[in-house]
Amino acid sequence: KTKAVLPVHLTGRPAKMDDILEIGEKHRITVIEDAAQAIGASLSGRPVGSLGRLGCFSLHPLKVLAACGDGGVITTNDDDLNSYLRVARNHGLKNRDEVSFWSINSRLDAIHAAQLNVKLDAFESVIARRVEIARIYQNAFEEKGLTGEVTWPVDRAEEASVYHLFMIAAQKRDALQNFLHENGVESKIHYPIPIHLQEAAASLGYSQGDFPVTEELASQILSLPIYPELDNAQVEGVVSLISNFYRS
């Protein structure tokens, strides 16, 4: 009964698309990429959003390429879908006077578009700085010997991440987060309640313990500061605080 597979390029890192696409092809299931957090990322030199039948991107103010309000982009190489989407985004209007089908207003307004056009000029440098900060985190965690207390992302050879988030898995996560907060460092949990335990998913019939790996990770994950305006000393300072927490 599966209609589509929706891999998520979570935190700006490409999913294992080769394996996923192979499954989709074998079972004739459409693959739709959730690239909301991964605009600019690539896998083996291929941009995310160009691998499945559709790619869906977010331009939310907190994303790597951010509008001043909500917005998004859909990409596809399917001519039929392209034609459909260009009508669907504008109430289903075939022209000013004729409506082909009922739809909604999904147009990006001109002010958002103009701001994004300006931001595109600096887009590559923004991604480069995010990756640079990620490398500082990775090297500092390694140098301070935090393996065992903290698991941090390590890039696969074929992936180019944009690091929308720098997410670690940490022992004693809640105490660590409180310690960081007390020392002036903000961190977030993306996301504390797994989908299968959300109220909205109650009708699916899942309960605590049905996805033990997911539930364990939800109790450990922590997103550390990562944005281009951070300087290197601040990033290293975050790692030093984490090290002090576990050494104390």
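Residues numbered from 1 in each chain as written. Predicted model: local features only at pLDDT ≥ 70, side-chain atom pairs only at ≥ 80, totals over all residues. Heavy atoms only, no water.

**Student:** Which residues make up the nonpolar core, and what values do they have?
**Tutor:** Within the largest apolar cluster, 42 residues are counted, with the highest numbers of intra-cluster contacts made by Y137, F141, F166, I168, L224 and I242. Those elements that provide at least two residues to this core are helix 4 (123–143), strand 9 (166–170), helix 5 (173–182), strand 10 (221–224) and helix 7 (232–247). For this core, the element with the most residues is helix 4, which contributes nine residues. Look past the residues within four positions of L224 in its chain and what remains in contact with it is Y137, F141, F166, I168, L180, V238 and I242. (Core = buried A, V, L, I, M, F, W, Y, C linked by side-chain atoms within 4.5 Å. Buried < 20%, exposed > 50% of the residue type's maximum accessible area, 1.4 Å probe, protein only. Helix = DSSP H or I, 4+ residues; strand = E, 2+ residues; numbered from the N terminus. Contact = heavy atoms within 4.5 Å.)

**Student:** Which residues make up the sheet that holds strand 4 (residues 46–47), and what values do they have?
**Tutor:** Sheet architecture is open: three strands sit in the order 4-3-8, paired in antiparallel fashion. Single-partner strands in this sheet number two, and they are strand 4 and strand 8 (159–160). Examined bridge by bridge, strand 3 (residues 42–43) and strand 4 share two bridges and lie antiparallel to one another. Of the residues in strand 4, the one forming a bridge with L43 is R46. (Pairing = 2+ DSSP bridges.)

**Student:** Account for the packing of helix 5 against helix 7, with residues named and values stated.
**Tutor:** Contact geometry for helix 5 and helix 7: axes closest at 10 Å, N-to-C directions at 125 degrees. Taken together, the axis directions place helix 5 and helix 7 in an arrangement best described as oblique. Crossing handedness for the pair helix 5 and helix 7: right-handed. Only V238, L241, I242, F245 and Y246 of helix 7 make contact with helix 5, whose side of the interface consists of A175, L176, F179 and L180. The class makeup of the residues in the contact of helix 5 with helix 7 is nine nonpolar, no polar and no charged. (Axes fitted to C-alpha atoms, helices over the stretch in contact; angles between N-to-C directions. Parallel < 35°, antiparallel > 145°, perpendicular 65-115°, else oblique. Left-handed = near helix turned anticlockwise from the far one by under 90°. Nonpolar A, V, L, I, M, F, W, Y, C, P; charged D, E, K, R; others polar.)

**Student:** Quick one: what's the story with a nonpolar patch on the surface, residue by residue and with numbers?
**Tutor:** Together, V8, L10 and Y191 make up an exposed nonpolar region whose accessible area comes to about 270 Å². Given the relative accessible area of 45%, Y191 is considered partly exposed. (Patch = residues over 30% accessible without salt bridge, like charges linked within 9 Å, V, L, I, M, F, W, Y side chains within 5 Å. Areas by Shrake-Rupley, 256 points an atom, 1.4 Å probe, with all protein chains shown as cover. Salt bridge = Lys/Arg side-chain N within 4 Å of Asp/Glu carboxyl O.)

**Student:** Go over a negative patch on the surface, please, and point to the residues and values.
**Tutor:** Together, E142, E143, D231 and E236 make up a region of like negative charge exposed at the surface. Among the secondary structure elements, E143 is positioned in helix 4. (Lys, Arg positive; Asp, Glu negative; His and termini not counted. Charge placed at Lys NZ, Arg CZ, Asp CG, Glu CD.)

**Student:** Describe the packing of helix 4 against helix 7, listing the residues and the values that go with them.
**Tutor:** The interhelical angle for the contact between helix 4 and helix 7, taken along N-to-C directions, is 35 degrees, at an axis separation of 10 Å. Note on packing geometry: the crossing formed by helix 4 with helix 7 is right-handed. Across the interface between the two elements, R129, I133, I136, Y137, A140 and F141 of helix 4 pack against N232, V235, E236, V238, V239 and I242 of helix 7. Considering only residue class, the contact of helix 4 with helix 7 consists of nine nonpolar, one polar and two charged.

**Student:** Can you break down the packing of aromatic side chains residue by residue, with the values?
**Tutor:** Evaluation of the coordinates by the stated rule reveals nine aromatic pairs. Measuring from ring centre to ring centre gives 5.1 Å for Y206 and F211, while their planes differ by 70 degrees; the resulting arrangement is edge-to-face. Residue F211 is classed as partly exposed on the basis of its relative accessible area of 34%. What links up through ring pairs into an aromatic cluster is the set Y137, F141, W152, Y163 and F166. (Phe/Tyr/Trp six-rings, centres within 6.5 Å; stacked < 30°, edge-to-face > 60°.)

**Student:** Explain the pairing of strand 2 (residues 30–34) to me, using residue names and the numbers behind them.
**Tutor:** Pairing geometry for strand 1 (residues 4–5) and strand 2, over two bridges, is parallel. Residue V5 lies in a different strand from strand 2, and its bridge partner there is V31. In the classification by handedness, the crossover that spans strand 1, the intervening helix 1 (residues 17–27) and the parallel strand 2 is right-handed. In terms of strand pairing, strand 2 meets strand 5 (residues 54–58) through three bridges, oriented parallel. Within strand 5, the position partnered with E33 by the bridge is G55. (Right-handed = clockwise from strand over helix to strand, strands pointing away.)

**Student:** Could you give an account of the pattern of salt bridges, naming the residues involved and the relevant values?
**Tutor:** Evaluation of the coordinates by the stated rule reveals 11 salt bridges. D18 is the salt-bridge partner of R46, the closest N and O atoms lying 2.9 Å from each other. Of the two residues, R46 sits in strand 4 while D18 sits in helix 1, which places them 28 residues apart along the sequence. Judged by its relative accessible area of 43%, D18 is partly exposed.

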